[in-house]
Amino acid sequence: MAHSTGDSRYTYEEYKQTADWLLSKTQYRPTMAIVCGSGLGTLGELLKDQVVFHYADIPNFPQSTVPGHAGRLIFGNLNGTPCVCMQGRFHLYEGYPLWKVTFPIRVFRLIGVKMVIITNAAGGLNQDYKVGDIMMIKDHINMPGFAGQNPLSGPNEDRFGLRFPPMSDAYDKDMRKLALAVGRELGYSKMLKEGVYCGIGGPNFETIAECRFLNRLGADAVGMSTVHEVIVARHCGLRVLGISLITNKAVIDYDSELTANHEEVLQTGKDSAKYLEKLVTTLLQRIELNNNVC
Ligand code: HPA
């Protein structure tokens, strides 16, 4: 199998090769993809009648190197919807170039996915946010993008999308409204938020000055993922619902003794995953019933 290494980007044929390989190994034809954030991999366990692939076995796939990211691609049914779920994603801080970080998104497009639910663990910059809150992402700030790190940089692949794609409508309004309505019906009103996610490169958590800066820029939550996947998903025409679980409060006070750490992020993920799971499964049921969003 040909693998892209070093700086050589994936060719269209390599995306296609991976998509065709997956389609040849499963009967599933998912319309929905789910990307699990740190500590949120249990979302994948909800899929019924699973067909599971380890990233190491999938041609061209990068490998997860982070604790809390299992490295499995799961096909299955979630409340009647055929889904594909990434248990473990790729990050800039792992040393991967962004075209590698976002490889699975284009593969999803080629296997017939129409919509992607992208979840993440994030630090709460908005001082009204509490640990355990669930934030529907309404917009993002792509910090690495300001420094020239964009998954779409390099020659444009016209078969996926436009050279200059808009991003003002990145997060699907109808899906977000539906997700918020479902959350309220489930009794989650107090923990439900809608806000702006700021993607940073990581791997270090932010300084106090950086948190203050990001908050003043208009960000409600900060994390090390998502924005690149969303950009590539929108470029190739996928609809996107983004959901952040607030796993820790970002420190903005010089007198605070708090420090962010990965263990807290994973623990909050464990504690609150059940709410996120319930929300996503009920949402999918609703989409299936309405059959108007997907
Ligand atoms: N900062 C960046 N990424 C994160 C955080 C944070 O506070 N929490 C979870 N992911």
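Residues numbered from 1 in each chain as written. Predicted model: local features only at pLDDT ≥ 70, side-chain atom pairs only at ≥ 80, totals over all residues. Heavy atoms only, no water.

A. Inspection of the nonpolar core at higher detail. Residues Leu22, Ile58, Leu73, Phe75, Val84, Phe108 and Val116 are the most contacted members of the largest nonpolar core, which totals 50 residues. Every residue in contact with Val84, bar those within four places of it in the chain, is listed here: Pro30, Met32, Ala33, Ile34, Leu73, Ile74, Phe75, Phe108, Ile111 and Val113. Counting residues in each nonpolar core, the second largest holds 32 residues, with Ile34, Leu43, Met175 and Leu284 among its members. (Core = buried A, V, L, I, M, F, W, Y, C linked by side-chain atoms within 4.5 Å. Buried < 20%, exposed > 50% of the residue type's maximum accessible area, 1.4 Å probe, protein only. Contact = heavy atoms within 4.5 Å.)

B. Region of the structure containing helix 7 (residues 208–217). Within helix 7, the full set of buried residues consists of Ile208, Cys211 and Leu214. Looking straight down helix 7, one finds that the buried residues subtend no more than 130° of arc, so they occupy a single side. Looking one or two residues beyond helix 7, the residue adopting positive phi is Gly218, at roughly 110°. (Helix = DSSP H or I, 4+ residues; strand = E, 2+ residues; numbered from the N terminus. Arc of directions from axis to C-beta.)

C. Here's a closer look at the site of the ligand. Lining the immediate environment of the ligand, one finds Ala121, Ala122, Gly123, Phe205, Glu206, Val222, Gly223, Met224, Thr247, Asn248 and Val265. With respect to the ligand, the side chain of Glu206 contributes an N or O atom lying 2.9 Å from a nitrogen atom. Residue Asn248 places a side-chain N or O atom 2.7 Å away from a nitrogen atom belonging to the ligand. Contact with the protein chains removes 95% of the 260 Å² of surface that the ligand exposes when unbound. Among the elements of the structure, strand 5 (115–124), strand 8 (221–223) and strand 9 (239–249) are those that each provide at least two residues to the shell around the ligand. At three residues, strand 5 tops the list of elements feeding residues into the shell around the ligand. Within the shell around the ligand, the residues separate by chemical class into six nonpolar, four polar and one charged. (Near = heavy atom within 4 Å. Polar contact = N/O pair within 3.5 Å; in protein donor to acceptor, adjacent residues only side chain to side chain. Areas by Shrake-Rupley, 256 points an atom, 1.4 Å probe, with all protein chains shown as cover. Nonpolar A, V, L, I, M, F, W, Y, C, P; charged D, E, K, R; others polar.)

D. Quick look at unusual backbone geometry. Backbone torsion omega between Gly202 and Pro203 reads 5°, so that peptide bond is classified as cis. One non-glycine residue, Asn60, lies in the positive phi region at around 75°. Its location among the elements puts Asn60 in the loop between strand 2 (48–54) and strand 3 (72–78). For Asn60, a relative accessible area of 3% translates into the label buried. With phi around 50°, Asn79 is a residue other than glycine that occupies positive phi space. Inspection of the secondary structure puts Asn79 in the loop between strand 3 and strand 4 (81–87). Judged by relative accessible area, which is 36%, Asn79 ranks as partly exposed.

E. Representation of the environment of Leu152. Relative to the helices and strands, Leu152 resides in the loop between helix 5 (143–146) and helix 6 (173–185). In this structure, the C-alpha to C-alpha distance between Leu152 and Phe108, residues 44 residues apart in sequence, is 17 Å. Not counting the four nearest positions on each side in its chain, Leu152 is found in contact with Arg106, Arg163, Pro165, Ile231, Val232 and His235.

F. Quick peek at the pattern of salt bridges. Summed over the entire model, instances satisfying the criterion amount to 10 salt bridges. Where Lys193 meets Asp133, a salt bridge forms, and the shortest distance between an N and an O atom there is 3.2 Å. In this pair, Lys193 sits in strand 7 (residues 192–199) while Asp133 sits in the loop between strand 5 and strand 6 (134–142), placing the two residues 60 residues apart along the sequence. The partner of Arg286 in a salt bridge is Glu185, and the shortest N-O contact between them spans 3.1 Å. Note that Arg286 is positioned in helix 9 (residues 262–290) and Glu185 in helix 6, a separation of 101 residues in sequence. Connected through salt bridges with shared partners, the residues Glu13, Glu157 and Arg159 form a single ionic network. (Salt bridge = Lys/Arg side-chain N within 4 Å of Asp/Glu carboxyl O.)

G. Structural detail: the environment of Pro97. Note that Pro97 resides in the loop between strand 4 and helix 3 (98–101). When its relative accessible area of 24% is taken as the criterion, Pro97 is described as partly exposed. For the pair Pro97 and Ile74, spaced 23 residues apart in sequence, the C-alpha separation works out to 24 Å.

H. A look at the confidence of the model for the chain. Averaged over all residues, the pLDDT of the chain is 92; the fraction at 70 or higher stands at 95%. Counted against residues more than four places away or in other chains, residues 1–5, with its pLDDT under 50, gives 15 contacts. (pLDDT = per-residue confidence, 0-100.)

I. Summary view of the state of the cysteines. Overall, the coordinates contain zero disulfides when judged by the stated rule. For Cys83, which is in no disulfide, the shortest distance to another cysteine sulfur is to Cys85 and amounts to 7.9 Å. A relative accessible area of 0% places Cys83 in the buried class. We note that Cys85 lacks a disulfide partner, and the nearest cysteine sulfur, in Cys36, lies 3.4 Å from it. The exposure class of Cys85 is buried, given its relative accessible area of 0%. (Disulfide = S-S within 2.5 Å.)

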